[in-house]
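# Analysis of the macromolecular model
Single-letter residue listing:
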Amino acid sequence: MDSLLSNLKIAVPEKIYVKDPESSALGKRIVEHSIILIDEIGFDSFTFKKLGALIGSNESSVYRYFESKHKLLLYLSSWYWAWIEYQLVMETHNLNPSDKLQKAVEVVSRSIKEDSNFSHINEVILNRIMVNENSKSFLTKEVDQENKEGYFVIYKRIVHRLRDMVIAMAPHYKYPSSLASTIIDGSLHQHFLKNHFKSITDCNLNVTPTQFYKDLVLNTLKS
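This write-up is about the structure you can find in this document. Because the structure is a prediction, the values reported are computed rather than measured.

### Regarding the overall build of the protein
Within the protein, the regular secondary structure consists of 11 helices and zero strands. Tracing the protein from N to C terminus, the helices and strands come up as α-α-α-α-α-α-α-α-α-α-α. Counting only C-alpha atoms, the protein reaches 60 × 40 × 35 Å along its principal axes. When burial is assessed residue by residue, the protein has 44% of its 223 residues classed as buried. Contacts in the protein between residues at least 24 apart in sequence constitute 70% of all its contacts with a sequence separation of at least 6. Total accessible area on the protein is roughly 11800 Å²; 52% of this is exposed by carbon and sulfur atoms.

Here's what the structure looks like:
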């Protein structure tokens, strides 16, 4: 299994990048250090010039892979959701509908541990970016056009997987897609609140977003 996972390549929609960063050592360094820099200074302050200085390369070399920092954020977001998806598939295989849904909620809402199968990407730091910056990848005027071009296909695929699990457990529930997207987006938001707005969430050091969403899902589908 370890051998199989070591050969796994996370696939990101090709239109997001100019040149596949996985295809070269420089591309992987751009991704690796963009994650570190965005986490350190925030996406709004992040520029390709600053990234180029960090990796000891020209700003123009970054543009050979991504046409804008927005496209880079879309790449990081898509990579993250694809990585979550492969865990979702692996960890829910051969479970009954109730256990499958609960495990899926756990996978999409839990605190992240670093995955040694992808040495150039620190998933723990990338998760922090998703918690803090992910909404900036789609809260734009161009979202409808980018959606048509398939930029969000992996994210939508995860929502559909979770929706199908909700339907399998509770076929008569009226809002499976809304519940699925609420779990996925809401879990990121609860992690954000837990870190920054502690007074408006019940999640803390002792109560995790996973516990909250498992309780929410089981009680919702019971009714």
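### What to know about the packing of aromatic side chains
The tally for this structure, following the rule as stated, stands at 11 aromatic pairs. Ring centres of Phe-48 and Tyr-63 lie 4.8 Å apart, and the angle between their planes is 75°; on these two criteria the pair is classed as edge-to-face. With Phe-48 in helix 3 (residues 48-55) and Tyr-63 in helix 4 (residues 59-63), the pair connects residues that are 15 residues apart, well separated along the chain. Looking at Phe-48, the relative accessible area reads 4%, which means it is buried. Judged by relative accessible area, Tyr-63 falls into the partly exposed class, the value being 40%. A centroid spacing of 6.1 Å and a plane angle of 40° characterise the contact between Phe-192 and Phe-197, whose relative ring orientation is tilted. On the accessibility criterion, Phe-192 (23% relative accessible area) is partly exposed. Of note, Lys-69 hangs over the ring of Phe-43, and the distance from its end group to the ring centre comes to 4.7 Å.

### Some remarks on unusual backbone geometry
For residues that are not glycine, phi is negative in most cases, and the peptide bond is trans in most cases. Its identity as a non-glycine residue notwithstanding, Asn-94 has a phi of 65°, on the positive side. The residue Asn-94 is located in the loop between helix 5 (69-92) and helix 6 (97-109) in this model. Judged by relative accessible area, Asn-94 falls into the exposed class, the value being 69%.

### So, helix 6
With 13 residues, helix 6 should cover 18 Å at 1.5 Å per step; its first-to-last C-alpha distance of 18 Å lies within 8% of that length. Buried residues of helix 6: Leu-101, Ala-104, Val-105, Val-107, Val-108 and Ser-109, and no others. Turning to helix 6, the residues buried within the fold contact helix 5, helix 9 (153-169), helix 10 (176-196) and helix 11 (209-222). Backbone nitrogen of Ser-98 and a side-chain oxygen of the N-cap are separated by 3.1 Å at the start of helix 6; the cap is Asn-96.

### Describing the pattern of salt bridges
Across all of its chains, the model carries 12 salt bridges by this definition. Between Arg-128 and Asp-39 there is a salt bridge whose closest N-O contact spans 2.8 Å. One end of the pair, Arg-128, is in helix 7 (residues 123-133); the other, Asp-39, is in helix 2 (residues 25-41), and 89 residues separate them in sequence. With a shortest N-O distance of 3.9 Å, Glu-91 and Lys-103 are connected by a salt bridge. Taken together, the positions of Glu-91 in helix 5 and Lys-103 in helix 6 put the pair 12 residues apart, joining distant regions of the chain. Judged by its relative accessible area of 24%, Lys-103 is partly exposed. Through salt bridges that share partners, Glu-91, Lys-103, Glu-106, Arg-110 and Lys-214 make up one connected network.

Rules and cut-offs
Every chain's residues receive numbers from 1 upward, in the order its sequence appears when written. The predicted origin of the model limits local features to residues at a pLDDT of at least 70 and limits the giving and counting of side-chain atom pairs to 80 or more, whereas totals for whole chains, interfaces and linings rest on all residues. Note that water and hydrogens are dropped before the side-chain values are worked out from all heavy atoms of the structure. Only DSSP runs of H or I with at least four residues qualify as helices, and only runs of E with at least two residues qualify as strands; both kinds are numbered from the N terminus onward. Using a 1.4 Å probe on the protein chains alone, a residue whose accessible area is under 20% of its type maximum counts as buried, one over 50% counts as exposed, and one in between counts as partly exposed. The contact definition used throughout considers only heavy atoms, calling two residues in contact when any of these lie within 4.5 Å. Calculation of accessible area relied on Shrake-Rupley with a 1.4 Å probe; when residues are assessed, cover is drawn exclusively from the protein chains displayed. Two aromatic rings, drawn from Phe, Tyr or Trp (for Trp, its six-membered ring), form a pair once their centres lie within 6.5 Å of each other, and the interplanar angle then sorts them: stacked below 30 degrees, edge-to-face above 60, tilted otherwise. A ring is considered to have a charge above it if a Lys NZ or an Arg CZ atom is located within 6 Å of its centre and within 35 degrees of its normal. One less than the number of residues in a helix, times 1.5 Å, gives the span that helix is expected to have. Throughout this description, a polar contact denotes any pair of N or O atoms lying within 3.5 Å of each other; where both atoms belong to protein, one of them has to be capable of donating a hydrogen while the other can accept it, and for residues adjacent in sequence the pair is counted only when both atoms sit in side chains. In the sections that follow, a salt bridge refers to a side-chain nitrogen of Lys or Arg positioned within 4 Å of a carboxyl oxygen of Asp or Glu.

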